[in-house]
Amino acid sequence: MTLPAPHHASAPVPAPAPAPAPGPASVPASGRYTRRSVLTGAFALATAAALPVAGAGRAYAAAGPNIIGCAAWGARAASEPVVVLANGPERIVVHHTATANVTDYSKQRAFALAKAIQTYHMDAQGWIDTGQHFTISRGAFVMEGRHHSLAELNTGRRQVRAAHCVGQNTVSIGIENEGTYTSQTPPAAQFAALADLCAHICSQYGLPASEIYGHRDFNATSCPGDRLYAMLPTLRRDVATRLGTTLSEPEEDPVGDLVRQATGRPAALFGEYLPAGLLP
């Protein structure tokens, strides 16, 4: 996950004006947070007992996964109208939150995660709303991130301008997965929920399963972690199976390949984030 400024696009379509937002959360005197601090404090309120993984998500169905909207998890209103673009996405970009691999799989924890991310993005980064389109908790709860993302997904024609990956914010859907997946793999239910969501996005927008990437494919970051990134071929196969399609290879990007070969990293450089203090 990164903290890029939203990439502006031509032909935006303003979304309906949001309701007035409650007052912003306080920001440290330094005016900055560090990656684990923000998502660590707000999570002190997620104290419910952990639930079994098996009881969290739901199986993939043609109607799509159960996605919890912004209003249901208690999102603040965006600070200004969210821009709905005239175009649909060309791909999906997978992230991890780089937060603790907790064993609290409850809905309360999932909602606390969503609120903590929004607090960080709006109050520390100065963004208008949550940066990514969707978030998946370790308990396999799928939640809307930026307002109007779910409504546009349901129509399958347009997308919301986001702030999850530099250079991709107007042409991709960003999905955050709770946890740090550098040396551990995500819980089975969370990975299945990711496959379900990706399959639904691909179905709605007419995307092939091959168009699923990791954040590091576009920006210089370790996101979504070595282990989750190594699972992307499996994710693409699982999505293709859900769609009942044949998996094709992603389109080649010769310019991007040359940049990576010459520098050993993608062209844009961004560090990980998620400050201590919002989540335990």
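Structure: above.
Numbers given for residues are sequential positions, taken from 1 along each chain in its written order. For a predicted model such as this one, the threshold for reporting local features is a pLDDT of at least 70, and the threshold for listing and counting side-chain atom pairs is 80 or more; totals across whole chains, interfaces and linings nevertheless cover every residue. To obtain the side-chain values, all non-hydrogen atoms of the structure were used and water was disregarded.

This next bit is on the packing of aromatic side chains. By convention here, two paired aromatic rings are described through the distance between centres and the angle between planes. Within 6.5 Å between ring centres, the rings of Phe, Tyr and Trp (the latter by its six-membered ring) count as paired, and their orientation is classed by plane angle as stacked under 30 degrees, edge-to-face over 60, tilted in between. Applying the stated criterion to the full structure yields 1 aromatic pair. Ring geometry for Y213 and F218: centres 5.4 Å apart, planes at 65 degrees, overall edge-to-face.

This part is about the pairing of strand 8 (residues 172-177). Most of strand 8 sits out of view: 6 of its 6 residues are buried. Three labels apply to residues, based on accessible area from a 1.4 Å probe with only protein chains included: buried if under 20% of the type maximum, exposed if over 50%, partly exposed otherwise in between. Secondary structure elements are taken from DSSP: a helix is a run of H or I of four residues or more, a strand is a run of E of two residues or more, and numbering for both begins at the N terminus. Here strand 8 shows no split at all, with S172, G174 and E176 on one side and I173, I175 and N177 on the other all buried. The sheet contact formed by strand 4 (residues 91-96) and strand 8 spans 6 bridges and is parallel. If you follow V93 over to strand 8, its bridge partner there is G174. Bridge count between strand 5 (residues 134-136) and strand 8: 3 bridges; the pairing is parallel. Looking at strand 8, one finds that I136 is bridged to N177. For two strands to be treated as a pair, DSSP must find no fewer than two bridges joining them.

Take F134: it is sitting in strand 5. F134 sits in the buried class, given a relative accessible area of 1%. Each C-alpha atom, one on F134 and one on L197, is 9.1 Å from the other, the two residues being 63 residues apart in sequence.

Definition used for salt bridges: Asp or Glu carboxyl oxygen within 4 Å of a side-chain nitrogen of Lys or Arg. A complete count under the given rule lists 7 salt bridges for this structure. In this structure, R109 engages E178 in a salt bridge whose closest nitrogen and oxygen atoms are separated by 2.9 Å. Note that R109 is positioned in helix 3 (residues 107-124) and E178 in the loop between strand 8 and helix 5 (188-205), a separation of 69 residues in sequence. Of the two residues, R109 and E178, both sit in the buried class. Notably, a salt bridge pairs R242 with D196, separated by 2.7 Å at the nearest N-O pair. A residue pair is termed long-range when its members are at least 10 positions apart, and R242 in helix 7 (residues 232-243) and D196 in helix 5 qualify at 46 residues.

Spatially, 2-6-5-8-4-9 is the arrangement adopted by the 6 strands of the open sheet, whose pairing is mixed. Bordering the open sheet on either side are strand 2 (67-68) and strand 9 (212-214), each of which pairs with just one other strand. On top of the sheet, helix 3 reaches strand 2, strand 5 and strand 6 (142-144); it is set at about 35 degrees to strand 6, its chief contact. For this analysis, residues touch if any pair of their heavy atoms sits within 4.5 Å. Working convention: axes come from line fits to C-alpha atoms, limited for helices to the stretch in contact. Angles between N-to-C directions cover 0 to 180 degrees. Across the sheet, helix 5 lies against strand 2, strand 4, strand 5, strand 6, strand 8 and strand 9, angled at about 170 degrees from strand 8, the strand it touches most.

To continue, consider helix 7. To estimate how far a helix should reach, multiply one less than its number of residues by 1.5 Å. The end-to-end C-alpha distance of helix 7, which contains 12 residues, comes to 16 Å, matching closely the 16 Å that a straight helix rising 1.5 Å per residue would cover. Residues of helix 7 that are buried include every one of L232, L235, R236, V239 and A240, and no others. Down the axis of helix 7, the buried set is contained in an arc of 135 degrees. They therefore lie on one face. Buried residues along helix 7 sit against strand 4, helix 5, strand 9 and helix 6 (226-230). Among the residues trailing helix 7, G244 stands out with phi positive, at a value near 70 degrees. The arc in question is the one traced by the directions running from the helix axis out to the C-beta atoms.

What follows covers the nonpolar core. Counting residues in each nonpolar core, the largest one holds 32 residues, and the members touching the most others are I175, I201, L235 and V239. If you list the elements that add at least two residues to this core, you get strand 4, strand 5, helix 4 (149-155), strand 8, helix 5 and helix 7. In this structure L235 touches V94, F191, L194, A195, C198 and I212, once residues within four positions along its chain are discounted. Put simply, buried Ala, Val, Leu, Ile, Met, Phe, Trp, Tyr and Cys residues joined by side-chain atoms within 4.5 Å make one nonpolar core. Formed by 8 residues, the second largest nonpolar core is a distinct cluster that contains I68, C70, A110 and M143.

Right, let's get into the state of the cysteines. Any two cysteine sulfur atoms within 2.5 Å of one another count as a disulfide. Summed over the entire model, instances satisfying the criterion amount to 0 disulfides. The thiol of C198 is unpaired, and the distance to the nearest cysteine sulfur, on C202, comes to 6.4 Å. According to the relative accessible area criterion, C198 is buried, its value standing at 0%. Counting only cysteine sulfurs, C165 is the nearest neighbor of C223, a cysteine outside any disulfide, at a range of 8.6 Å.

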